[in-house]
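Fold and geometry: a report
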Amino acid sequence: MPLRAPFVTGAGTTTERRLVLVHLEGHDGAQGWGEISALEHPYYLPETISGAFALACEWALPTALAGDPDPAAVAERLSHIRGNTFARAGVEAAFWCLAATRAGVSLQTLLSQASGTSANTQVVAGASIGICPSVDATLLAVGRALASGYHRIKLKVRPGWDVPVVSAVRDHLGPGTTLQVDANATYSLAPEHRAALLGLDRLGLACIEQPLGWQDLEAHAELQRQLSTPICLDESLRSVRDVQRALERGACRSVNLKPGRVGGIAASLAIREICEREHVALWCGGMLESGIGRAINLALASLSGFSEPGDLSPPLERFERDLVNPPYELSAHGTVAVPRAPGLGFTVTPTQLHAATLNRIELVGERAGERAGDHHARPSPPATSTMAPVT
Ligand code: OSB
Ligand code: MG
């Protein structure tokens, strides 16, 4: 899916989004959708979208299909796969969606029941603004986001693009608007970086997201002791255990929760519970998803415990076309309404889907089960391995 404009972060530039969709169709005709939202490049986290496609076809789907389709049971089987969180999560999400469809309830209702917590009918959204060519271009983008109704502005920063641009935006906004930054792990504790981070600390930010290395909880804990602004972790939190460790060490005071990054919805529900119990700020992050992935994030973010606006902007703001109908939209109040229809709650448009599809692999009946049963066998390569448009 081509982006309307490149999305630039400290981790790299995205101009076109390749995603992997997981579509389940049961013998009863019930359907489930999931989305694998790993990025194209390995500069955000190690997982790439091409690798995740292979892992889903060769391991995650066969494992998921090899037993009880109950989503908690699927999540348990998938938990034996190490890493590869985005691939696992996309497959698992499709089973949550399928279960909701079969129960005749919305994904939101299923998640609310599974977590024993209440849910909101509207979810507050924030805007994530990439690194722009100039301060003026940034102010323009911020102005557009405010006019759209967003309740929070998140600016991407990196060394050399931080205190001056963020101060200019803070001056423009005044002290009352929620502003935060996301560094995508581009800073260190070297003196010049530390000075910039201390400069950001004076700008009244809601949080500084992932300033330091993706594997470095200790450095974040050290930095958090020196900042009054809460550190929020993104890349560093790839499991329930990671969240526990980060909180124990004081490495963050805010959690960006992306179901793909933590390995799925079951893990997300456990993290939600921890954050609610420990009164830790929690919000739902984004991965430039299509309407399918956004719909799943939306259902999750509607649960109690999500205390801050999420990266839940409509896909049509970034992409020329989306895959769902009615479109995923932002209200004039800067919220997104959670659909009440059974399952995903949005209809996937076959024409859009077909037009956007580059490659497709189908696992059918016994074949899927057969491949899944034998964990020790080397799986055969995918049936279709070229990236050619489907005609
Ligand atoms: O670091 O939060 C991030 C998008 C892709 C990869 C990483 C990140 C992002 C975002 C969210 O900032 C943007 C969105 O999905 O609206
Ligand atoms: Mg981030």
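So, here is what we can say about the structure in this document. (Residues numbered from 1 in each chain as written. Chains lettered and ligands numbered in written order. Predicted model: local features only at pLDDT ≥ 70, side-chain atom pairs only at ≥ 80, totals over all residues. Heavy atoms only, no water.)

Moving on, we get to the overall build of the protein chain. Counting secondary structure elements, the protein chain contains 14 helices and 15 strands. Taken over C-alpha atoms, the radius of gyration comes to 20 Å for the protein chain, in line with the 21 Å a tight globule of 391 residues would show. Principal axes of the C-alpha set define a box for the protein chain whose edges measure 60 × 40 × 40 Å. Buried residues in the protein chain amount to 55% of all 391 residues. Considering only residue pairs separated by 6 or more positions, the protein chain has 70% of its internal contacts joining residues 24 or more positions apart. Surface accessibility of the protein chain: about 16400 Å² in total, with carbon and sulfur atoms responsible for 53%. (Helix = DSSP H or I, 4+ residues; strand = E, 2+ residues; numbered from the N terminus. Rg over C-alpha atoms; globule rule 2.2 N^0.38 Å. Buried < 20%, exposed > 50% of the residue type's maximum accessible area, 1.4 Å probe, protein only. Contact = heavy atoms within 4.5 Å. Areas by Shrake-Rupley, 256 points an atom, 1.4 Å probe, with all protein chains shown as cover.)

The space that makes up the second largest pocket amounts to roughly 540 Å³. Lining the second largest pocket are 21 residues, with Ser128, Ile129, Ala141, Arg144 and Arg318 sitting closest to its centre. Of all elements in the fold, only β1 (2-9), β6 (127-129), α5 (135-148) and α12 (315-318) reach the threshold of two or more residues within the lining of the second largest pocket. If you tally residues by element for the lining of the second largest pocket, the top one is β1, at six residues. Here the lining of the second largest pocket is composed, by residue class, of 14 nonpolar, three polar and four charged. (1 Å grid on protein atoms, 1.4 Å probe; cavity = no way out; pocket = protein on both sides within 12 Å on 5 of 7 lines; lining within 4 Å. Points joined across faces, edges and corners; volume = space filled by probe spheres on them. Nonpolar A, V, L, I, M, F, W, Y, C, P; charged D, E, K, R; others polar.)

Scanning the model with the defined rule gives three cavities of 30 Å³ or more in all. Size it by volume and the largest cavity reaches roughly 250 Å³. Lining the largest cavity are 23 residues, with Phe7, Lys156, Lys258, Gly286 and Leu288 sitting closest to its centre. Of all the secondary-structure elements, those providing two or more residues to the lining of the largest cavity are β1, β2 (12-16) and β7 (152-156). Taken together, 14 residues form the lining of the second largest cavity, with Glu35, Ser37, Pro259, Gly260 and Asn297 sitting closest to its centre. Per-class residue counts for the lining of the second largest cavity are six nonpolar, five polar and three charged.

Our next topic: the site of ligand 1. Inspection of the region around ligand 1 gives 18 residues, with Lys156, Asn184, Leu288, Arg294 and Arg318 positioned closest. In the model, an oxygen atom of ligand 1 is placed 2.9 Å from a nitrogen or oxygen of the Lys156 side chain. Measuring from an oxygen atom of ligand 1, one finds a backbone N or O atom of Met287 at 3.3 Å. Computed on the free molecule, ligand 1 has an accessible area of 380 Å², of which 98% lies beneath the protein chains in the complex. Placement of ligand 1 is best described as lying within the largest cavity. Among the residues making up the shell around ligand 1, the classes are represented as five nonpolar, four polar and nine charged. (Near = heavy atom within 4 Å. Polar contact = N/O pair within 3.5 Å; in protein donor to acceptor, adjacent residues only side chain to side chain. Sits in = over half its atoms within 2 Å of the grid points.)

These figures come from the coordinates and say nothing about function on their own.
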